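# Understanding the architecture of this molecule
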Amino acid sequence: MKLHDGEVEIDAQLVGRLLNDQFPRLAGLPITEVHSTGTVNAIYRLGDHLYVRLPRLRKWANGLDREWHWLPRLSSHLSLRVPEPVEKGRPTHSYPLVWAIYRWIDGQPYADALVDDERQAARDLARFVAELRRVDSDGAPRSGRRPLAELDADTRAAITSAAGVIDSDAAIAAWERALEAPVWDGSPVWIHSDLLRPNLLVRGGRLRAVIDFGAVGVGDPATDVIAAWSVFGPAGREAFRAALAVDGGTWERARGIALHQAALIIPYYAKTNRGFVALARRTIEEVLAGSGS
């Protein structure tokens, strides 16, 4: 099922043709579709050690370019594993966008049952966020979302559309509280920009990797604090905040960003990606449960 209007047609046969034409040394490897809640790229495992990512829409193709430029510069500073680019494919008549091959990373998307110690996972992710922020940002692209006030109309509309899936009255109240947070006016720092459960890989009970750097750039540090609600429950949220020493204003902006992002996901993917909607609903429930702290 397609997730977006105007999505490029992608299947295993297309991947095979692209490999045969551009990287024939890899063309004999088995190609297996990877089913996930991901919405930006179609992913196919290539043999045991590689995978292929193909953007679904033209507007997201520059995310691969961003990864290819910046991941090699960032990876050596980070304690968690990140994607390793191997080959970049060129557009063709049958697939008009850039595409790429990466080294496979063993692990499963973050889930409570897979993690031995949520507080440790929170500290590990906080360490990653702090390491990323410290990397020299000279020449880095901007990233992150617009100020919360500029997202007000879209967020309220999405919350209203999600009524019946979430407690829309409580969500509006939480959103209005977030709007009272001080506007960010600090120096931009490196941010991953999409710290959701599907982008965190767990293996052996520990958080091992952070993937999908298509929106990496510099911006408001509150952007990566959304993991307090999008990833963790109360215990992990407390440990995550403490490890990053998040101040009150940043915490409230982050709560608003998490609520905004999750609210927009629910009506957009209601019929096409129910797993992603379930994760967004969970995020909003965590926001509402933690609205007093």
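Residues numbered from 1 in each chain as written. Predicted model: local features only at pLDDT ≥ 70, side-chain atom pairs only at ≥ 80, totals over all residues. Heavy atoms only, no water.

### Comments concerning the sheet that holds strand β4 (residues 85-89)
Taken in spatial order, the five strands line up as β1-β2-β3-β5-β4 in an open sheet, and their pairing is antiparallel. One side of each edge strand has no neighbouring strand; the edge strands of this open sheet are β1 (31-33) and β4. When the angles between neighbouring strand axes are averaged without regard to direction, this sheet yields 25 degrees. Looking at chain direction, strand β2 (residues 41-46) and strand β3 (residues 50-55) are connected through six bridges and run antiparallel. Within the sheet, the bridge partner assigned to A42 lies in β3 and is L54. Lying on the sheet, helix α2 (residues 62-74) is in contact with β2, β3, β4 and β5 (99-103); it crosses β5 at an angle near 40 degrees. (Pairing = 2+ DSSP bridges. Helix = DSSP H or I, 4+ residues; strand = E, 2+ residues; numbered from the N terminus. Axes fitted to C-alpha atoms, helices over the stretch in contact; angles between N-to-C directions. Contact = heavy atoms within 4.5 Å.)

### Some remarks on the side chain of S230
Summarising the element assignment, S230 is placed in helix α6 (residues 227-230). The buried category is assigned to S230, whose relative accessible area is 6%. A distance of 2.7 Å separates a polar atom in the side chain of S230 from the backbone oxygen of L195. (Buried < 20%, exposed > 50% of the residue type's maximum accessible area, 1.4 Å probe, protein only. Polar contact = N/O pair within 3.5 Å; in protein donor to acceptor, adjacent residues only side chain to side chain.)

### Details of the sheet that holds strand β9 (residues 206-210)
In sheet architecture, strand pairing relies on hydrogen bonds along the backbone and comes in two forms, parallel and antiparallel. Strand order across the open sheet formed by three strands is β6-β8-β9, with antiparallel pairing between neighbours. Across the chains shown, the open sheet's two edge strands, defined by having one partner strand only, are β6 (108-109) and β9. Relative to strand β8 (residues 200-203), β6 runs antiparallel, the two sharing two bridges. What sits directly across from Q108, in β8, is V202. Its contacts with the sheet put helix α3 (residues 118-134) on β8 and β9, and the angle it makes with β9 is roughly 30 degrees.

### Notes on helix α7 (residues 234-244)
Two residues of an α-helix separated by three or four positions point the same way, owing to the 3.6 residues in each turn. Every buried residue belonging to α7 is among G236, R237, A239, F240 and L244, and all of these are buried. An end-on view of α7 places all buried positions within 170 degrees of arc, on one side of the element. Seen from the open side of α7, the exposed residues pointing more than 90 degrees away from its buried face are P234 and A242. Buried-residue contacts for α7 involve α3, α6, α8 (248-268) and α9 (274-289). Just downstream of α7, A245 is the residue with a positive phi angle, here 50 degrees. (Arc of directions from axis to C-beta.)

### Quick word on the packing of α3 against α7
The geometry of a pair of packed helices is captured by two quantities: the angle between their axes and the separation between those axes. Viewed as axis vectors pointing N to C, α3 and α7 meet at an angle of 30 degrees, and their least axial separation amounts to 8 Å. Between α3 and α7 lies a crossing whose hand is right-handed. Listed contacts from α7 to E118, R119, A122, L125, A126, V129, A130 and R133 of α3 are A235, G236, E238, A239, F240, A243 and L244. Here the contact of α3 with α7 is composed, by residue class, of 10 nonpolar, one polar and four charged. (Left-handed = near helix turned anticlockwise from the far one by under 90°. Nonpolar A, V, L, I, M, F, W, Y, C, P; charged D, E, K, R; others polar.)

### Describing the nonpolar core
Across soluble globular proteins, nonpolar side chains show a tendency to be buried alongside one another. If you look at the biggest cluster of nonpolar residues, it comprises 66 residues, and the most contacted ones within it are L125, F128, W190, F232 and F240. It is α8 that provides the largest number of residues to this core, a total of nine residues. Setting aside anything within four residues of it in sequence, one finds L125 in contact with L195, L200, L207, V210, A227, F232 and F240. (Core = buried A, V, L, I, M, F, W, Y, C linked by side-chain atoms within 4.5 Å.)

### Considering the packing of aromatic side chains
Think of a pair of aromatic rings as described by two things: how far the centres are apart, and how the planes are tilted against each other in angle. Counted by the stated rule, this structure contains 10 aromatic pairs. When the ring of F128 is compared with that of F213, the centres are 6.3 Å apart and the planes differ by 75 degrees; the resulting orientation is edge-to-face. Taken together, the residues span a long stretch of sequence, with F128 in helix α3 and F213 in the loop between β9 and β10 (217-219) at a distance of 85 residues. By the burial criterion, F128 is buried, and F213 matches it. Cluster of aromatic residues (ring-pair linked, three or more members): Y51, Y102 and W104. Over the face of the ring belonging to Y102 we find R53, whose NZ or CZ atom lies 5.2 Å from the ring centre. (Phe/Tyr/Trp six-rings, centres within 6.5 Å; stacked < 30°, edge-to-face > 60°. Lys NZ or Arg CZ within 6 Å of the ring centre and 35° of its normal.)

### Description of α9
Taking 1.5 Å of rise per residue, 16 residues should cover 22 Å, and α9 covers 22 Å from first to last C-alpha, within 8% of that figure. Of the positions making up α9, those classed as buried are F276, V277, A280, R282, T283, I284, E286 and V287. Looking at the buried side of α9, the elements it contacts are α5 (168-179), α6, α7 and α8. (Expected span 1.5 Å × (residues − 1).)

### Quick notes on the packing of α5 against α8
The contact between α5 and α8 brings their axes to 8 Å, and the two run at 140 degrees. Overall, the two elements α5 and α8 adopt an arrangement that is oblique. As for how α5 packs across α8, the hand of that crossing is left-handed. Two secondary-structure elements touch here, α5 through A171, A174, W175, R177 and A178 and α8 through E252, R255, G256, L259 and H260. (Parallel < 35°, antiparallel > 145°, perpendicular 65-115°, else oblique.)

### Things to note about the environment of E150
Its place among the elements puts E150 in the loop between α3 and α4 (152-161). Each C-alpha atom, one on E150 and one on L179, is 10.0 Å from the other, the two residues being 29 residues apart in sequence.

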